[in-house]
Amino acid sequence: MRHWLHAFRLRTLPLAVSSILVGSALAYFADNWRYSGPSSFRPIVLMLALVTAVLLQILSNLANDLGDHQQGTDNAHRVGPQRAVQSGAITPAQMKRAMVICGMLAFASGCALITVALGFTLKTLLFLFLGLLAIGAAVKYTFGKTPYGYAGLGDVSVFLFFGIVGVCGTFYLHQPGFHWATLLPATAFGLLSTGVLNVNNMRDIHNDAASGKRTLVVRMGSDKARIYHTFLVLSGIACLVTFTSFFFGAGFFTDTWWLWLFLLVLPVYLVHLKRVWSTKEPRDLDPQLKVLAMGTFLTAVLFSLGLILA
C-alpha cells in the first residue's frame, strides 16, 4: 500500500484543491460584489469539486509516473524521490489499470458535480466537455506518444486548469454567472501553480534536456527561468493585492482588514525567491518545490478565510 501512496504523491494534493477553495470562497460572497443574483454557495458542490480535483491530481501523478518511465526520463540521473514504476515497486500494467480506475472515478465524480450544480442543461454538456479535457490533460502531460509536457506546454496547462478553469469554473458551479473580478484570483493561483511546475523543471533541467523533454526551462535556460519564475510569483501576489485593493476601496466588506490575511505568507515567497536566485546547483532547488506548493496552498486558505470573515 505504501508504494501506491508514494505513487499518489500526497504532497501535491493541497495544491490541487487550492483553486476549488478560492472559487468557492468567491461564490460565498458574490452577493457582496453587487452581483446580479443572490449568493448560492452550496457545500455539496464544494465537496464534490474537492473530490474531483483530488482524483484528477492523482490521475495526473500516476500518468506522470508511467509516462516519464516510458519516455526514459525517470532514470539513474533523475533528481528527487524515485518513482514507483522506475523502482519496480509497481509494474507498468498495474499502473495502467490504476489510471483507468482513477480516470473512471474522476469522471463519475465530475458528472455528479456538474449534475448537482447545473442539472440537465446545455451548460451541463459544456462542463462535461471541460471535464473530459481536464482528464485528457491529466493523462497526456507525459503519457502517450505525443505528451505535451515534453513540448514545453505544461505551463499553459497548469495555468489554465489550476487557475482560470479551477477558480472561475468552481465559482460558476456554485452560482451560474460570471464576474470579471474572479479573473484576478484565478490568474493569481494559475501563476503561482505554474511557479511550482517551474521550480520542478528548474530542478530537473539537466536530466530533462538529456532525455529530450523540452520544457520551457530547458528552452530558455536557467538564468531566464529564474526571471520567469520571479515574474510568476510576484505577478500572482500582485493580482491578489489588486483584487483586495479594489474591494477595500469600494467598501463592499464590513471588516476589510481580513481581506489582507494572505499577506502573512509574503515573507515565505520573498525568502523562496532569494533561495531560487542564490542556488546554483539545480538539484538543490528540490526543497523549494515543497515551499512554494505549501505557500500557495496557505495563501489560498488565508485568502478564502479572509473573504469569509470580511
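*Asks:* Explain the packing of helix α2 (residues 13-28) against helix α13 (residues 286-309) to me, and be specific about the residues and the numbers.
*Replies:* Between α2 and α13, whose axes approach to 9 Å, the crossing angle comes to 15 degrees. Our classification of the angle between α2 and α13 gives roughly parallel. For the pair α2 and α13, the sense of crossing is left-handed. When α2 is examined against α13, the residues Pro14, Leu15, Val17, Ser18, Leu21, Val22, Ala25, Leu26 and Tyr28 are found in contact with a partner set consisting of Ala293, Met294, Thr296, Phe297, Ala300, Val301, Phe303, Ser304, Leu307 and Ile308. Taken together, the residues of the contact of α2 with α13 sort by class into 16 nonpolar, three polar and no charged.

*Asks:* Outline helix α6 (residues 122-140), supporting the account with residue identities and numerical values.
*Replies:* Across its 19 residues, α6 extends 27 Å between first and last C-alpha, which sits within 8% of the 27 Å expected from 1.5 Å per residue. Looking at α6, one finds that the buried residues are Thr124, Phe127, Ala134, Ile135, Ala137, Ala138 and Val139. Close packing links the buried residues of α6 with α3 (43-71), α5 (92-118) and α7 (154-174). Where α6 starts, the residue carrying a side-chain oxygen 3.2 Å from the main-chain nitrogen of Lys123 turns out to be Thr121.

*Asks:* Outline the environment of Val17, supporting the account with residue identities and numerical values.
*Replies:* Along the polypeptide, Val17 turns up in helix α2. Remark: the alpha-carbon pair of Val17 and Val54, spanning 37 residues in sequence, is separated by 6.8 Å. If near-sequence neighbours (up to four positions away) are discounted, Val17 is found in contact with Leu50, Val54 and Phe297.

*Asks:* I'd like a description of the packing of aromatic side chains, backed by residues and values.
*Replies:* Under the criterion given, the structure shown has eight aromatic pairs. Aromatic ring contacts, followed pair by pair, group Phe189, Phe243, Trp260, Phe262 and Phe303 into a single cluster.

Reading the values: rules and limits
Residues numbered from 1 in each chain as written. Predicted model: local features only at pLDDT ≥ 70, side-chain atom pairs only at ≥ 80, totals over all residues. Heavy atoms only, no water. Axes fitted to C-alpha atoms, helices over the stretch in contact; angles between N-to-C directions. Helix = DSSP H or I, 4+ residues; strand = E, 2+ residues; numbered from the N terminus. Parallel < 35°, antiparallel > 145°, perpendicular 65-115°, else oblique. Left-handed = near helix turned anticlockwise from the far one by under 90°. Contact = heavy atoms within 4.5 Å. Nonpolar A, V, L, I, M, F, W, Y, C, P; charged D, E, K, R; others polar. Expected span 1.5 Å × (residues − 1). Buried < 20%, exposed > 50% of the residue type's maximum accessible area, 1.4 Å probe, protein only. Polar contact = N/O pair within 3.5 Å; in protein donor to acceptor, adjacent residues only side chain to side chain. Phe/Tyr/Trp six-rings, centres within 6.5 Å; stacked < 30°, edge-to-face > 60°.

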